[in-house]
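# Coordinate inspection notes
So the chains spell out like this:
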Amino acid sequence: MKSRRKFIKLSAMGSAALLAKSVIASEKSDKTEILVSPKKITKPIVVSTWKHGMAANEAAWKILSQRGSALDAVEAGVRVTESDPDNMSVGLGGLPDREGFVTLDACIMDENNKCGSVAFLQDIENPISVARKVMEKTQHVMLAGEGAKQFAVEQGFKTTNLLTPKAKKAWEEWKKESKYQPVINIENHDTIGMLAIDERGNLSGACTTSGMAYKLHGRVGDSPIIGAGLFVDNEVGAACATGMGEAVIRIAGTAVIVELMRNGRSPEEACKEAVYRIIAKHKDLTNLQVGFLALNKNGEYGGFSVYKGFNYAVHTNAENKLIDAKYDRDRK
Ligand code: ASP
């Protein structure tokens, strides 16, 4: 005979901690099975980094609101930013490296831990879609440089000159002052990272960038690196990163955040802890901006950055809004 079932209401347990954890507790004994209701899941939902995330979210939402997959949504979302010539940190119109080459990094990850990535890719407007092809059409995770481009062309992607007149002009201006040494942190870099949960409750993420402007030729940042710029675990949640990629790679930033969420941290707490890890590992934080954004399986989200200024866009059934992330310190 079935054991007697006793439902204990969260309120009756009087525990905010239980609410916060939002896990299904099932404790079995001979006589009693206690089932605590899981927290209501906010879905679909899409979150993305920076103000350009607002327009990207709209494109992702078109798919999510029609019961489309999170994977399709994040790809479609970040493609908007990649194809925007006025955005100077992602895809077409991105600021070049110090030799004048626009080199792109991107990765994508789905609910089955499948992932694809391209690094140091040139002349292709939508690297996120190439990353998806790597995931779906090859046995590999990452393709880089000429090989990635060759693969993209074979897959039917058109080549384009990504260096717009505006970006070229900015680079020419920069060259006048440049001492031709790596002058990291003082240059613009604003990746788009996007995380989504679809109607079925599945998570996916995408991350794409032209990287740090005027970087050394050949430099690859965190954005195409699974576990650094992006990580998704469908059981737990997902995280993406923006800012100085080297600092993110050093702590395996997004992998760490997902593990922290697995261990009970909220998305914001997990991002904050990762930021403090970066702060602890770097003696000189001058202009070292990093922003993390995370989304858990319940549709709760949060972000945190080293310095003031990082924001992220959140689209739910209710609205698409821009939120200022909390941060550790003010920029002087
Ligand atoms: N994380 C990117 C990189 O280091 C740039 C950015 O997000 O601003 O290439």
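Residues numbered from 1 in each chain as written. Predicted model: local features only at pLDDT ≥ 70, side-chain atom pairs only at ≥ 80, totals over all residues. Heavy atoms only, no water.

## Comments concerning the pairing of strand 8 (residues 192-197)
For a regular strand, side chains alternate in direction, first toward one face of the sheet and then toward the other. Filter applied, for reference: With a 1.4 Å probe rolled over the protein chains alone, any residue whose accessible area is under 20% of its type maximum counts as buried; one over 50% counts as exposed, and the rest are partly exposed. Only DSSP runs of H or I covering at least 4 residues are called helices, and only runs of E covering at least 2 are called strands; the numbering of each starts at the N terminus. Strand pairing requires that DSSP identify at least two bridges connecting the strands.
Burial within strand 8 is extensive, with 6 of its 6 residues counted as buried. Residues of strand 8 alternate between two faces, with Ile192, Met194 and Ala196 on one and Gly193, Leu195 and Ile197 on the opposite face, all of them buried. With 4 bridges connecting them, strand 4 (residues 45-49) and strand 8 associate as antiparallel partners. Along strand 8, the bridge assignment pairs Ser48 with Met194. In this sheet, strand 9 (residues 203-209) lies alongside strand 8 in antiparallel orientation, the contact comprising 6 bridges. Paired with Gly193 across the strands is Cys207, a residue of strand 9. Hairpin connection of strand 8 to strand 9: 5 residues between the antiparallel strands, including Gly201 at a positive phi of 85 degrees.

## Quick look at unusual backbone geometry
A cis amide bond, omega -5 degrees, links Lys43 with the succeeding residue Pro44. When you line up the elements, Pro44 lands in the loop between strand 3 (33-35) and strand 4. The backbone of Asp123 shows a phi angle near 70 degrees, a positive value even though the residue is not glycine. Relative to the assigned elements, Asp123 resides in the loop between strand 6 (115-121) and helix 5 (127-137). The class for Asp123 is partly exposed, based on a relative accessible area of 25%. Phi is positive for Ala252, which is not a glycine, with a value near 50 degrees.

## Things to note about the nonpolar core
In a soluble, globular protein the nonpolar side chains are often hidden away together inside. Using the following cut-off: Put simply, buried Ala, Val, Leu, Ile, Met, Phe, Trp, Tyr and Cys residues joined by side-chain atoms within 4.5 Å make one nonpolar core.
One finds Leu195, Leu230, Ile257, Val290 and Phe292 to be the most contacted residues of the largest nonpolar core, which totals 50 residues. Top element by residues in this core is helix 10 (residues 267-281). It accounts for 6 residues. Core analysis: the second largest hydrophobic core is formed by 30 residues, Val74, Ile108, Phe157 and Ala196 among them.

## As for the sheet that holds strand 11 (residues 237-243)
Short version of the rule: Note on geometry: axes are lines fitted to C-alpha atoms, helical ones only across the stretch in contact, with angles between N-to-C directions running from 0 to 180 degrees. The contact definition used throughout considers only heavy atoms, calling two residues in contact when any of these lie within 4.5 Å.
In space, the 5 strands of this open sheet follow the order 10-11-12-13-16, with mixed pairing throughout. Either end of the sheet is taken by a strand with one partner, and the two such strands are strand 10 (230-233) and strand 16 (326-329). Recorded for the sheet is a direction-independent mean angle of 15 degrees between the axes of neighbouring strands. Strand direction decides the pairing type here: strand 12 (residues 290-296) and strand 13 (residues 301-307), joined by 5 bridges, are antiparallel. Looking across to strand 13, one finds that Ala294 is bridged to Gly302. Along the sheet, helix 9 (residues 253-262) contacts strand 10, strand 11 and strand 12; its crossing angle with strand 11, the most-contacted strand, is approximately 145 degrees. Against the sheet, helix 10 engages strand 12, strand 13 and strand 16, with an angle of about 20 degrees to strand 13.

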